[in-house]
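# Examination of the molecular architecture
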Amino acid sequence: MEFGLNQEQTILKNETRRFLKNECPIDFVKEMIEDEKGHSPPLWKKMAELGWMGLLFEEKYGGIGGTFLDLSIILEEMGRALLPGPFFSTVILGGVPITQGGDEELKQRFLPGIAKGDIIMTMALTEMEGSYAIDEIKSIGEPRSDGYVLRGRKMFVPYAHIADYIICPARTYQQGHSNGISLFIVDAKSETMNIIPLISLDLQKQFDVTFTDVYVPQNNLIGEEKQGGKLIQNVWPIAVVGRCCEMLGAMQRVFEMTVDYAQKRRQFGRPLSAFQVIQHYCADMAIDLECSKVITHQAVWRVSNGHPSTKEVAMAKAWSSDAFKKIATTAHQIYGAIGFTKDQDLYLYFRFAKAGEITFGDTNFHKEVVAREMDLQGVKALR
Amino acid sequence: MDFDFTDEQKRFREEVQDFLKSELEQGSFDPRQNSMGRGFSQEFSRKMARKGWIGLTWPKEYGGQGRSYMDRLILMEEMLRAQAPIAFHFLTDRQVGPALIHFGSEELKREFLPRIIEAEISFCLCFSEPDAGSDLASVRTTAVEEGDYYLVNGQKLWTSMGHRADYGWLLAKTNPDSNLPDHKTLSEFILDMKAPGVTVQPLINIAEVHSFNEVFLDDVRIPKKYLVGKQDKGFDQIMEQVVYERAGIERLMQNYTVREHLLEYVKTTKKNGKYLWEDPTIRNVISTLETEFNIGRLLCYSVAWTIDQGKVPNYEASVCKVFCTQYEKRLSDIATQIMGLYGQLLPGSKWAPYDGVAAESYLWSPSYTLQGGTVEILKNIIALRGLKLQTK
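Calculation rules
Residues numbered from 1 in each chain as written. Chains lettered and ligands numbered in written order. Predicted model: local features only at pLDDT ≥ 70, side-chain atom pairs only at ≥ 80, totals over all residues. Helix = DSSP H or I, 4+ residues; strand = E, 2+ residues; numbered from the N terminus. Rg over C-alpha atoms; globule rule 2.2 N^0.38 Å. Buried ≥ 20, exposed ≤ 12 C-beta atoms within 10 Å, placed from the backbone. Contact = placed C-beta atoms within 7 Å. Axes fitted to C-alpha atoms, helices over the stretch in contact; angles between N-to-C directions. Parallel < 35°, antiparallel > 145°, perpendicular 65-115°, else oblique. Left-handed = near helix turned anticlockwise from the far one by under 90°. Nonpolar A, V, L, I, M, F, W, Y, C, P; charged D, E, K, R; others polar. Domains from an automatic or database assignment. Pairing = 2+ DSSP bridges. Expected span 1.5 Å × (residues − 1). Arc of directions from axis to C-beta. Core = buried A, V, L, I, M, F, W, Y, C linked by C-beta atoms within 7 Å. pLDDT = per-residue confidence, 0-100.

This paragraph deals with the overall build of chain A. If you tally the helices and strands in chain A, you get eleven helices and nine strands. Against the 2.2 N^0.38 benchmark of 21 Å for 383 residues, chain A shows a C-alpha radius of gyration of 21 Å, consistent with a compact globule. Its C-alpha atoms give chain A principal-axis dimensions of about 80 × 50 × 40 Å. Taken over 383 residues, chain A has a buried fraction of 50%. Put simply, of all contacts in chain A between residues at least 6 apart along the chain, 73% involve residues at least 24 apart.

Summing up its helical and strand segments, chain B has twelve helices and ten strands in all. The globule rule puts the C-alpha radius of gyration for 392 residues at 21 Å, and the 22 Å found for chain B is close to it. Oriented by its inertia axes, the alpha-carbon framework of chain B measures out at about 75 × 50 × 40 Å. Within chain B, counting contacts between residues at least 6 apart in sequence, those at least 24 apart form 71% of the total.

Quick look at the packing of helix 5 (residues 87-101) of chain A against helix 6 (residues 104-116) of chain A now. Residue and element names in this part refer to chain A. Across the interface, helix 5 lies against helix 6 with an axial gap of 10 Å and an inter-helix angle of 155 degrees. Compared by their axis directions, helix 5 and helix 6 come out roughly antiparallel. Like other packed secondary-structure pairs, helix 5 and helix 6 cross with a definite hand, here left-handed. For the pair helix 5 and helix 6, contact is made by Thr90, Gly94, Gly95, Ile98 and Thr99 and by Leu106, Lys107, Phe110, Leu111 and Ile114, respectively. In the contact of helix 5 with helix 6, the residues fall into five nonpolar, four polar and one charged.

Attention now moves to the domain arrangement of chain B. Annotation of chain B at the domain level lists domain 1 (7-121), domain 2 (125-230) and domain 3 (247-386). The C-alpha-based centres of domain 2 of chain B and domain 3 of chain B are spaced at 32 Å.

Residue and element names in this part refer to chain A. With domains assigned, chain A is organised as domain 1 (7-119), domain 2 (123-225) and domain 3 (230-373). Between the C-alpha centres of domain 2 and domain 3 the distance comes to 31 Å. Taken together, the nine residues of domain 2 in the interface contact eight residues of domain 3. Here the side of domain 2 that touches domain 3 is built from residues that sort into seven nonpolar, one polar and one charged.

Turning our eyes to something else, we now look at the interface of chain B and chain A. The interface of chain B with chain A comprises 34 residues on the first partner and 36 residues on the second. Here the side of chain B that touches chain A takes 14 residues from helix 9 (residues 280-308) of chain B, the largest share from any one element. Of the residues that constitute the side of chain B that touches chain A, the class distribution is 19 nonpolar, ten polar and five charged.

With that settled, consider the pairing of strand 2 (residues 142-146) of chain B. Residue and element names in this part refer to chain B. With five bridges connecting them, strand 2 and strand 3 (residues 149-156) associate as antiparallel partners. Each bridged residue has a counterpart across the sheet, and for Glu146 the counterpart in strand 3 is Tyr149. Linking strand 2 back to strand 3 in an antiparallel pair, the connection comprises two residues, with Gly147 at a positive phi of about 60 degrees.

Residues and elements named next belong to chain B. Positioned with a positive phi, Trp158 is a non-glycine residue whose angle comes to about 60 degrees. Tracing the backbone through its elements, the reader meets Trp158 in the loop between strand 3 and strand 4 (167-173). One non-glycine residue, Glu208, lies in the positive phi region at around 65 degrees. Counting through the fold element by element, Glu208 comes out in the loop between strand 6 (198-204) and strand 7 (210-223).

Residues and elements named next belong to chain B. Look at helix 4 (residues 87-103) against helix 5 (residues 106-117): their axes get within 10 Å of each other, and the N-to-C directions meet at 160 degrees. Comparing their axes, helix 5 and helix 4 come out roughly antiparallel. For the pair helix 4 and helix 5, the crossing hand works out as left-handed. Touching Thr92, Val96, Gly97, Leu100 and Ile101 of helix 4 are Leu108, Lys109, Phe112, Leu113 and Ile116, all from helix 5. Residue classes in the contact of helix 4 with helix 5 are distributed as seven nonpolar, two polar and one charged.

For the rest of this paragraph, the subject is helix 5 of chain B. Residues separated by three or four positions in an α-helix point in the same direction, a consequence of the helix having 3.6 residues per turn. All names here are of chain B. Under the 1.5 Å per step criterion, the end-to-end length of helix 5 is 16 Å for twelve residues, consistent within 8% with the ideal 16 Å. Those residues of helix 5 that fall on the buried side of the exposure criterion are Phe112, Leu113, Ile116 and Ile117. Looking straight down helix 5, one finds that the buried residues subtend no more than 120 degrees of arc, so they occupy a single side. Among the exposed residues of helix 5, those oriented more than 90 degrees off its buried face are Glu107 and Arg110.

With that settled, the discussion passes to the nonpolar core. The biggest cluster of nonpolar side chains holds 233 residues, and the ones touching the most others in it are Ile166 and Cys282 of chain A together with Phe189 of chain B. Tallying contributions element by element places helix 7 (residues 228-264) of chain A first for this core, with 18 residues. When neighbours within four sequence positions are excluded, Cys282 of chain A is seen to be in contact with Val259 and Ala262 of chain A together with Ala383, Leu387 and Leu389 of chain B.

Take the confidence of the model for chain B next. Should pLDDT be low for a region, the predicted coordinates there are not to be read in detail. Of the residues in chain B, 99% reach a pLDDT of 70 or more, and the chain-wide mean stands at 94. Note on the complex model: pTM 0.95, ipTM 0.95.

All names here are of chain B. In this sheet, strand 7 lies alongside strand 6 in antiparallel orientation, the contact comprising seven bridges. Bridging from a neighbouring strand, Thr199 pairs with Phe216 of strand 7. The turn joining strand 6 and strand 7, which pair antiparallel and follow one another in sequence, is formed by five residues; a positive phi near 65 degrees is taken by Glu208.

What follows concerns the environment of Val149 of chain A. All names here are of chain A. By the element assignment, Val149 lies in strand 3 (residues 147-158). Placed 64 residues apart in sequence, Val149 and Asp213 show a C-alpha to C-alpha distance of 5.3 Å. In contact with Val149, other than residues within four places in its own chain, are Glu142, Arg144, Asp213, Val214 and Tyr215.

On to the environment of Lys267 of chain B. Mapped onto the fold, Lys267 of chain B is located in helix 8 (residues 256-268). Between the alpha carbons of Lys267 of chain B and Trp277 of chain B there is a distance of 5.8 Å; along the sequence they are ten residues apart.

Attention shifts here to the environment of Ser182 of chain A. Residues and elements named next belong to chain A. Mapped onto the fold, Ser182 is located in strand 5 (residues 177-187). Exposure remark for Ser182: the 24 C-beta atoms within 10 Å place this residue in the buried category. Considering only alpha carbons, one finds Ser182 and Ala163, 19 residues apart in sequence, at a separation of 20 Å. The residues touching Ser182, leaving out its near neighbours within four places in the chain, are Gly141, Ala170, Thr172, Leu221, Glu225, Lys226, Gln227 and Gly228.

Written out as structure tokens, the structure is:
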């Protein structure tokens, strides 16, 4: 067992932090929240030049053949910097299903473009129920001679407004019977799509997307019909742990900011940190942070090495969802009233903590997965 | 980053498991009699000594194996999982030996280390006193130099296994100068528990167990050579050793059987025609405990890893101990709650599920977050020594 990063990984971490410190300062984050697009093409290009978008892809697709562990280091730093934009949706929700399920032609058509920063992607995973259960997907992909026609409504789709393509899971039918879920790559410029922005406390942009008889050519089906469920299952642990990594990086930052603030802010003629109750709050934050670190890194390592990871991934998200909220809430208590204003940056992390908790399954969702993995048989959360 | 064990570590774990399996088959120990680290068997410790498992991490020049703390953790995890009787050598292996190696004179090392490593002698800790608990530096027991010995007078409290140990690891005041801060007036000694003037009286805990003792010291003569390290430096020496007391996996694993029995209970018990595991509330608390257990275990391994990197895990060990002790406290509470009316039945009672392990653990549970540094003291350490928070 080894808990630290090796030399190469440490360099990657430090360089990523330095880059984001320069390119994604907190004022930029705030600007992007107000910005309608919430995305900066010049920054996007620079990130692509660093090889981040193609990190997981093979070299023949313009990638650098890195591991998920490498990507997780970048994601932690992105969470720390609260990087706005469609990186997660493009690389994880878009790139991973194409890499795992697409044929050679499809990979050649999309992956080099993603790696170069020319293609922005997202996935329309949830529908009106706001559920991640594949069984709840009601959208329909109706076969035509040369492709499919998509009908349905998707909710909470990240960055749909700037995406070039939206991966859309939909149900396909044969002789009137559901044939399971298939994944379609939909051209986001299609005229019969309606994209409505949601006003959310999340720092990332999310949308309500309606597909009204949207035509999808046959060669934009990822893999074959019915493979969608399996492909979503494959991308799921990467998305869940990826989110945990972003949350971990953000937690670390909140912790550092708060410990720093507690030592600078003076009341009763002393720094706040002179009071034992504040010292213990800081210790509580440190403990929650260390716990999040070991349980998340374990999940990263298992996913990255292709080991069975259902339980470890669920434990990481079940824990981190609570821990980040606890840390952010304790931070607010230490900051006092000024933390409740936009004079301090804490509120951005407080918002992220809630959004992070809710997306990709909250604590209770993942605890149910852990219970199932412990042979406490029960309903399948994600089939 | 690597969350797997090496092949060598896996083989070592199997070796320990095989040993324990064969000992159990031979009936060499009864796991039920050993809960909460009570199993005190010199015979069993001698068997471990023959395997080289006492002093596993000590340097080879002192008879140890020079192995990693990771290996020691694997050994301890398996011993505790099996509830093997390791109390005879537990303290000497973990604390006394390393402290002697670090601070002891060559003479003391030659006299004690071989006997520790052969499981010939056992130790207890004589640190705390009625007025020196969390504030350990305020011990009042005095050790006054007289000729070639120290004359010791005072009272010690919470001396676990004091009634069975051969020697005590004693902290006493050697400098009467009241202008000095307390922590610069203390020294460490090795105390012969059979020396004239040593009186050991039992102190029964709320689990009805005689584990603690009061130790009275009346004009006890300790030969000068039994001073450990430097005079008046005892407190600093203890602060260095105590990290290793907090670094272990025992806090997590001493209740391992409660965890196992609770799982079996919810899988096999029906209430109102339904298995307990079908209840969403129970599924939720059980998976919470499972997540916490996994985190606690990873924290223990990360402490061992830190030590193996040559660092003193002051901060890490405190984080680990706060978390693990609070986990085991919750575990005993939840286990007794889920077992319902049966959860109150103690060992020996008719109908007690799993011979009352849950109720027994619950009675012990107030001590989990107190012993070896209370949660509050540990949080002070995290904040002041780990995070180095400014106080002025």
